[in-house]
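Read off the chains here:
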Amino acid sequence: MVSLESFGLVGDAGAVSTTTTPLAEVAASNSTLRAFLHGLPGVDRVGADARAAMLGTRSIKTTSKKQAIDLAIRMVDLTTLEGADTPGKVKAMCAKAIHPDPTDLSVPSVAAVCVYPDLVATAVQALGGSGVKVASVATAFPSGRSSLEVKVADTALAVADGASEIDMVIDRGAFLSGDYLKVFEQIAAVKAACGSAHLKVILETGELSTYDNVRRASWLAMIAGADFIKTSTGKVSPAATLPVTLVMLEAVRDFLRTAGRKVGVKPAGGIRTTKDAIKYLVLVNETAGPDWIDPDWFRLGASSLVNDLLMQRQKMATGRYAGPDYFTLD
Amino acid sequence: MSERLAVRKTYKLFIGGAFPRSESGRSYVVSSSKGEFLANASKASRKDAREAVAAARKAFPGWSAATAYNRGQILYRVAEMLEGRRSQFVAELVDADGVGVRKAGELVDAAVDRLVWYAGWSDKIGAIRGSANPVAGPYFNLSSTEPTGVVAVVAPEAGPLLGLVSVIAPVIVTGNTCVVVASERAPLPSITLAEVLATSDLPGGVVNILTGSAAEIAPWLAGHMDVNAIDLTGADGELAVTCEEAAAENLKRVLRPPAAKVDWLADPGTERMTAFLETKTVWHPIGT
Amino acid sequence: MFEYAPAPESRAIVDIKPSYGLFINGEWVEPLGEGREKTVNPASEEVLAEIAVASEADVDRAVQAARKAFTGWSAMPGSERAKYIFRIARIIQERARELAVLESLDNGKPIRESRDVDLPLVAAHFFYYAGWADKLSYAGFGPSPQPLGVAGQIIPWNFPLLMLAWKIAPALACGNTVVLKPAETTPLTALAFAEICRQADLPPGVVNIVTGAGETGGALVRHPDVDKVAFTGSTEVGRLIARSVAGSRKKVTLELGGKAANIVFEDAALDQAVEGIVNGIFFNQGHVCCAGSRLLVQESVADELLEALKRRLSTLRLGDPLDKNTDIGAINSAAQLAKIRELSEAGEAEGAERWSPACPIPDKGFWFPPTIFTGVAQSHRIAREEIFGPVLSVLTFRTPAEAIEKANNTPYGLSAGVWTEKGSLMLWMASRLRAGVVWSNTFNKFDPTSPFGGYKESGYGREGGRHGLEAYLAL
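As recorded by an unreviewed UniProt entry, chain B carries the name Aldehyde dehydrogenase and is attributed to Planotetraspora mira.

Peer 1: Any chance you could explain the overall build of chain A here in plain terms?
Peer 2: A count of helical and extended segments in chain A gives 14 helices and eight strands. Relative to the 2.2 N^0.38 estimate, which gives 20 Å for 330 residues, the radius of gyration of chain A is 19 Å and therefore close to what a compact globule would have. Summarising its shape, the C-alpha atoms of chain A cover approximately 60 × 40 × 35 Å along the three principal directions. Looking at chain A residue by residue over its 330 residues, the buried ones come to 57%. Of the contacts made within chain A by residues no fewer than 6 positions apart, 75% connect residues no fewer than 24 positions apart. With an accessible surface of roughly 12100 Å², chain A has 54% of that area assigned to carbon and sulfur atoms. When the 34 basic and 34 acidic side-chain charges of chain A are each reduced to a single mean position, those positions are 6 Å apart.

Peer 1: For this particular structure, what's the right way to read the sheet that holds strand 15 (residues 371-374) of chain C?
Peer 2: In a beta sheet, neighbouring strands are held together by backbone hydrogen bonds and run either parallel or antiparallel to one another. Across the sheet, ten strands lie side by side as 3(B)-4(B)-10(B)-18(C)-17(C)-12(C)-13(C)-16(C)-15(C)-14(C); this open sheet has mixed pairing. Strands with a single pairing partner mark the edges of an open sheet, and in this sheet they are strand 3 (131-132) of chain B together with strand 14 (353-355) of chain C. Of the pairings in the sheet, the one linking strand 14 of chain C to strand 15 of chain C comprises three bridges and is antiparallel in character. Pairing of Glu353(C) across the sheet is with Thr374(C), part of strand 15 of chain C. Against the sheet, helix 14 (residues 423-432) of chain C makes contact with strand 4 (139-147) and strand 10 (277-285) of chain B together with strand 12 (261-264), strand 17 (415-419) and strand 18 (437-440) of chain C, and its axis sits at roughly 155° relative to strand 10 of chain B, the strand it touches most.

Peer 1: Explain the sheet that holds strand 8 (residues 300-302) of chain A to me, please; I cannot follow it from the model alone.
Peer 2: Residues and elements named next belong to chain A. Pairing within the open sheet is parallel, and its eight strands lie in the order 7-6-5-4-3-2-1-8. In this open sheet, the two strands that pair with only one neighbour each are strand 7 (264-266) and strand 8. Taken over all neighbouring pairs, the strand axes of this sheet differ in orientation by 25° on average, direction set aside. Seen against the sheet, helix 6 (residues 120-127) touches strand 2 (112-115) and strand 3 (133-138) and runs at an angle of roughly 170° to strand 3.

Peer 1: I would appreciate a short explanation of the side chain of Arg129(B) in the present structure.
Peer 2: By the secondary structure assignment, Arg129(B) is in helix 5 (residues 125-129). Looking at Arg129(B), the relative accessible area reads 11%, which means it is buried. Side-chain polar atoms of Arg129(B) contact the side chain of Glu470(C), separated by 2.7 Å. Aside from chain neighbours lying at most four places away, what touches Arg129(B) is Thr145(B), Thr274(B), Phe141(C), Arg466(C), His467(C) and Glu470(C).

Peer 1: How should I be thinking about helix 4 (residues 62-75) of chain A in this particular structure?
Peer 2: Residues separated by three or four positions in an α-helix point in the same direction, a consequence of the helix having 3.6 residues per turn. The first and last C-alpha atoms of helix 4 of chain A sit 20 Å apart over 14 residues, in line with the 20 Å expected at 1.5 Å per residue. All buried positions along helix 4 of chain A are accounted for by Ser64(A), Ala68(A), Ile69(A), Leu71(A), Ala72(A), Ile73(A) and Met75(A).

Peer 1: Explain the interface of chain B and chain C here, please?
Peer 2: Interface size is commonly expressed as the accessible area that is lost once the parts come together. Taken together, the contact between chain B and chain C spans 39 residues of the former and 46 residues of the latter. Buried surface at the junction of chain B and chain C, both sides included, amounts to about 3200 Å², of which 48% is carbon and sulfur. Its largest share of buried area at the contact with chain C, chain B owes to Leu251(B), Arg256(B) and Trp283(B), together 22% of the area lost on that side. Counting across the interface, chain B meets chain C through four salt bridges. Ionic pairing is found between Arg243(C) and Glu249(B), a salt bridge with its closest N-O pair at 3.2 Å. Summed over the shared surface of chain B and chain C, the number is 28 residue pairs in polar contact (both at pLDDT 80 or more). Elements that contribute at least two residues to the side of chain B that touches chain C include exactly helix 5, strand 4, helix 9 (237-247) and strand 10 of chain B. The dominant element in the side of chain B that touches chain C, judged by the number of residues it contributes, is strand 10 of chain B, at eight residues.

Peer 1: What am I meant to see in the pattern of salt bridges here?
Peer 2: When the charged atoms of two side chains lie near each other, side chains of opposite charge can form a pair. Residues and elements named next belong to chain C. Going through the model one piece at a time under the given rule, you end up with 66 salt bridges over all chains. Between Glu27 and Arg198 there is a salt bridge; the shortest N-O distance is 3.9 Å. Taken together, the residues span a long stretch of sequence, with Glu27 in strand 3 (residues 27-29) and Arg198 in helix 6 (residues 188-199) at a distance of 171 residues. For Glu27, a relative accessible area of 47% puts it in the partly exposed group. Given the relative accessible area of 36%, Arg198 is considered partly exposed.

Peer 1: Explain the interface of chain A and chain C to me, please; I cannot follow it from the model alone.
Peer 2: Each partner contributes to the interface: chain A provides 30 residues, whereas chain C provides 28 residues. Interface of chain A and chain C: buried area, both sides summed, is about 2500 Å²; carbon and sulfur atoms make up 48% of it. The shortest N-O distance in the salt bridge between Arg51(A) and Glu275(C) comes to 3.2 Å. For the pair chain A and chain C, the number of links is eleven residue pairs in polar contact (both at pLDDT 80 or more). Those elements that provide at least two residues to the side of chain A that touches chain C are helix 3 (45-55), helix 4, helix 12 (242-259) and helix 13 (274-287) of chain A. It is helix 4 of chain A that provides the largest number of residues to the side of chain A that touches chain C, a total of five residues.

Peer 1: So what exactly am I meant to see when it comes to helix 7 (residues 148-160) of chain A here?
Peer 2: All names here are of chain A. Here helix 7 contains 13 residues, and its C-alpha end-to-end distance of 18 Å stays within 8% of the 18 Å for a straight helix at 1.5 Å per residue. Taken as a whole, helix 7 has its buried residues at Lys151, Asp154, Thr155 and Ala158. The arc that holds every buried residue of helix 7, seen down its axis, measures 95°, which confines them to one face. Residues of helix 7 that are exposed and point over 90 degrees away from its buried face: Glu149 and Ala160. Among the structural elements, helix 6, strand 3, strand 4 (165-169) and helix 9 (180-194) are those in contact with the buried residues of helix 7. Once helix 7 finishes, Gly162 follows within two positions and takes phi at roughly 110°, a positive value.

Peer 1: Sorry if this is basic, but what is going on with the pairing of strand 4 (residues 36-41) of chain C here?
Peer 2: Residues and elements named next belong to chain C. Sheet topology note: the strand 4/strand 5 (residues 46-52) ladder contains six bridges and is antiparallel. Among the inter-strand pairings, Glu37 is bridged to a residue of strand 5, identified as Ile51. Remark: four residues form the turn of the hairpin made by strand 4 and strand 5, two consecutive strands paired antiparallel; Glu45 in that turn has positive phi of roughly 65°.

Peer 1: Quick question: what am I supposed to make of the pairing of strand 16 (residues 391-397) of chain C here?
Peer 2: Each regular strand carries side chains that alternate between the two faces of the sheet. All names here are of chain C. Counted residue by residue, strand 16 has six buried out of seven residues, so it is predominantly covered. Pairing of strand 13 (residues 294-298) with strand 16 involves five bridges; the strand directions are parallel. Paired with Leu295 across the two strands is Val394, which belongs to strand 16. One ladder, built from three bridges, connects strand 15 with strand 16; its direction is parallel. Bridge pairing links Phe373 to Ser393 in strand 16.

So, how was this worked out
Residues numbered from 1 in each chain as written. Chains lettered and ligands numbered in written order. Predicted model: local features only at pLDDT ≥ 70, side-chain atom pairs only at ≥ 80, totals over all residues. Heavy atoms only, no water. Helix = DSSP H or I, 4+ residues; strand = E, 2+ residues; numbered from the N terminus. Rg over C-alpha atoms; globule rule 2.2 N^0.38 Å. Buried < 20%, exposed > 50% of the residue type's maximum accessible area, 1.4 Å probe, protein only. Contact = heavy atoms within 4.5 Å. Areas by Shrake-Rupley, 256 points an atom, 1.4 Å probe, with all protein chains shown as cover. Lys, Arg positive; Asp, Glu negative; His and termini not counted. Charge placed at Lys NZ, Arg CZ, Asp CG, Glu CD. Pairing = 2+ DSSP bridges. Axes fitted to C-alpha atoms, helices over the stretch in contact; angles between N-to-C directions. Polar contact = N/O pair within 3.5 Å; in protein donor to acceptor, adjacent residues only side chain to side chain. Expected span 1.5 Å × (residues − 1). Buried area = accessible area lost by both parts, 1.4 Å probe. Salt bridge = Lys/Arg side-chain N within 4 Å of Asp/Glu carboxyl O. Arc of directions from axis to C-beta.

What follows is the structure, given as structure tokens:
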């Protein structure tokens with residue numbers, strides 16, 4: 001394996017602060033980036049799938065299930081990314097984000113709402129001082145097919161309107177054609193445009209196809225400054241899967257160890273049930289570790305998931321199975 | 001004018017491609033079926049057996065790693081060399097076995113043909129004994145044959161050439177090396193066969209031939225911890241049991257003496273090859 | 001923090017009788033001898049049941065029953081035999097949860113493994129060999145291969161029901177009848193299997209189960225009317241069996257001990273290698289003859305790999321075998337625990353460095369924490385002897401040739417693992433490892449279609465696949 005040391009990323013073990021300047025050395029050229037990314041250990045698909053499947057058999061019951069449900073609610077980025085989105089739709093979703101179950105105020109708020117840039121202002125206003133953050137997709141979401149200028153402008157618009165988190169997409173075409181430097185430079189430019197907003201970099205793993213690519217793209221995004229790495233736009237199938245998330249969790253774990261900076265992970269798309277959500281929590285717990293079990297470091301990009309979590313929560317409280325008519329559809 | 005005095009051959013052992021006398025300095029009288037003196041054969045000791053095992057072990061990595069094609073070619077070459085010495089073997093069989101010239105000729109021809117038959121197996125036994133296994137999961141799974149290692153062979157007393165060839169060829173064609181205890185009563189064809197082997201591109205040590213007393217030597221081979229298998233075809237009742245018991249010490253593969261008298265002219269089947277083959281199964285994930 | 005609450009599988013699903021007789025000729029019979037033994041739950045030391053110790057006379061009764069049944073069973077059309085075996089497979093699937101719980105109770109293995117590994121493989125094994133029963137003439141053993149007769153089968157305690165399946169399924173498919181002796185510490189699933197034979201209406205005497213320890217096994221091996229001996233267990237006992245059948249016409253297959261090398265190259269997929277190492281040595285508490293008990297790691301990645309491995313070990317959950325989240329269950333018996341302790345102490349005494357994660361150990365029962373020894377030399381006992389427990393010995397190498405040399409430097413030859421992303425190196429290694437099973441970029445995978453068995457002192461004969469038929473046919 002090529003270590004970060006050989007690229008001057010880390011001075012000596014534990015000397016976290018030395019990591020900033022030499023990043024440029026890995027990204028000095030496309031060939032240095034390529035050498036670094038292709039020097040990462042490979043990922044065996046069958047082994048990764050088996051590990052994820054095994055963790056999926058963990059049985060989370062009683063008190064730990066209650067705890068997990070509330071954790072999962074607090075980690076949700078409640079999302080609407082439709083062409084048909086309107087201010088009214090976004091306002092309603094924001095209300096749900098603050099009080100997912102208006103009949104039970106012990107239910108925590110979700111982490112954030114996630115909307116298109118032009119609806120950021122609406123969301124910011126609707127959420128007020130609730131503590132729920134506003135995330136916006138940007139950079140010609142979901143395809144990412146535009147110029148860097150447009151992507152930066154897209155980002156700047158969302159930030160200017162008050163988004164505290166930006167979910168950008170990488171240029172998968174550039175990545176798959178081996179132009180890692182182009183991907184790096186776009187992420188770095190968008191990161192600069194974010195200012196103090198957190199940057200989530202969407203890898204669109206469904207288009208990257210292999211787990212080796214997922215690992216490389218994860219590292220590329222982190223080296224370029226990502227605060228979070230995110231699986232999917234939700235517009236491509238497959239979206240988030242357990243093994244892909246496993247590979248990304250391994251990447252953030254190893255990145256912290258070698259580069260000294262902690263990065264968050266966000267699987268998005270296809271997570272619909274409490275059972276799914278709990279499997280992701282188990283995956284985080286046993287891969288990156290308990291330090292990532294926090295909305296600051298792990299998010300679930302989802303929409304319908306929240307109602308299933310609420311139904312399960314109610315079932316645990318009442319002992320009865322819940323019905324969908326009792327939960328709002330916003 | 002008197003008849004020319006013949007130059008007789010000294011029959012020695014065959015170890016590591018060389019023809020040493022027994023380290024013990026012992027020999028024993030070999031007589032014809034009519035009781036006439038034929039030669040003094042070397043009487044191998046346990047130390048000769050030990051040397052032979054060392055030679056066989058040394059030869060194993062190279063011989064087992066040789067291509068099947070190469071091993072087949074070499075066995076075929078052995079057949080060619082044997083054919084070329086046909087008259088010599090006929091004469092030896094007439095002396096040793098008391099068979100007529102015609103019968104002896106048939107036996108030599110059968111020995112040649114047996115070698116040709118086994119030569120052809122070198123690159124086919126793996127195909128009939130191996131398999132691609134359809135496991136229930138994303139894995140490529142393949143079983144293939146590999147030679148067991150060093151095989152001790154107690155050659156049959158009867159059939160000093162055809163029987164001998166019929167026990168050696170199936171052991172070595174698959175990549176094993178061997179130490180053979182030749183027929184005690186009729187050992188001379190085995191040493192002449194060694195001369196054939198020595199001139200057939202067969203690497204030294206692949207076949208080692210000891211003459212002498214099976215009862216004396218075979219138990220040492222059976223108990224030797226660097227021998228992986230033993231063919232007891234030529235061991236009679238008591239000796240076979242002793243050897244099988246000794247072989248248990250390192251879990252040698254044991255080919256027991258046949259239950260009934262063997263017709264060496266019959267179709268030998270594959271059992272003598274498969275008795276000294278291991279099956280190795282390799283798994284590998286299938287994924288992107 | 002995110003703690004997992006206990007998630008125990010219900011044991012109400014199993015019905016354990018206070019005492020068991022012997023299963024001979026389709027009936028439960030009382031043993032002729034007085035001998036009784038207790039089988040305990042190794043996780044709690046609670047007595048589960050009393051079992052009979054079959055005497056020589058009991059073994060004789062069972063062999064006679066099997067001999068009597070052989071006439072009809074071997075003459076039955078293969079297609080009919082197949083249907084009986086298919087029936088057995090189906091009943092096992094129907095009762096899988098019950099059998100899994102029973103296995104975990106008696107053996108101590110985590111329910112996750114008995115449920116997700118043992119039982120599915122047991123059913124699959126019967127399904128696989130059922131299909132062979134009427135196709136034997138196509139198996140490559142001649143036009144009309146014949147059964148051997150009565151098979152005496154002795155199985156170990158590490159995979160009680162799975163080893164039963166490996167033995168009984170091919171024997172029955174080939175037309176043999178069976179006397180099987182389960183291990184004395186884990187007889188319960190074999191006794192439950194006797195009930196399954198009854199539910200399947202299997203003709204009486206085709207399968208006979210006799211319980212007991214070494215003496216019972218010895219009587220079975222020595223019985224003059226046994227035509228075939230199949231044994232899985234220690235090399236030590238395998239040697240005794242090989243010796244005791246000398247001079248007979250009994251056909252023997254032995255699946256014995258191992259000291260497998262699990263070899264990790266610097267270019268390996270390290271995260272999966274770590275999983276493979278964990279699965280290799282901590283699966284079933286390391287009570288696995290093919291366990292990857294020697295980790296050979298290339299020096300250039302040794303530190304990185306060991307750090308990752310230790311981190312991973314810290315997530316292993318040891319405890320109640322019936323808890324669905326348990327990764328490491330109980331050691332099967334006090335005797336086995338003593339052996340693991342003794343060898344681990346020898347490892348320390350010989351200078352290897354011992355490490356275990358922080359791991360609370362229950363008060364009752366037999367437990368051993370997952371343990372790694374680093375700085376191990378080839379000469380150390382823990383690098384040579386089979387520990388049969390959750391103890392990994394770590395050695396390093398520099399070149400592929402050195403890895404092969406160290407891996408093969410053992411009297412055993414059951415299995416090996418190779419981790420590299422380079423295909424040609426993998427195949428080079430696979431062809432040079434003297435072992436019957438080579439797992440490359442995976443470990444401890446089993447399948448009824450895949451032949452399993454060892455080189456050298458790991459035994460002879462193969463179980464599984466077409467190869468597995470040979471052990472039960474007269475050729």
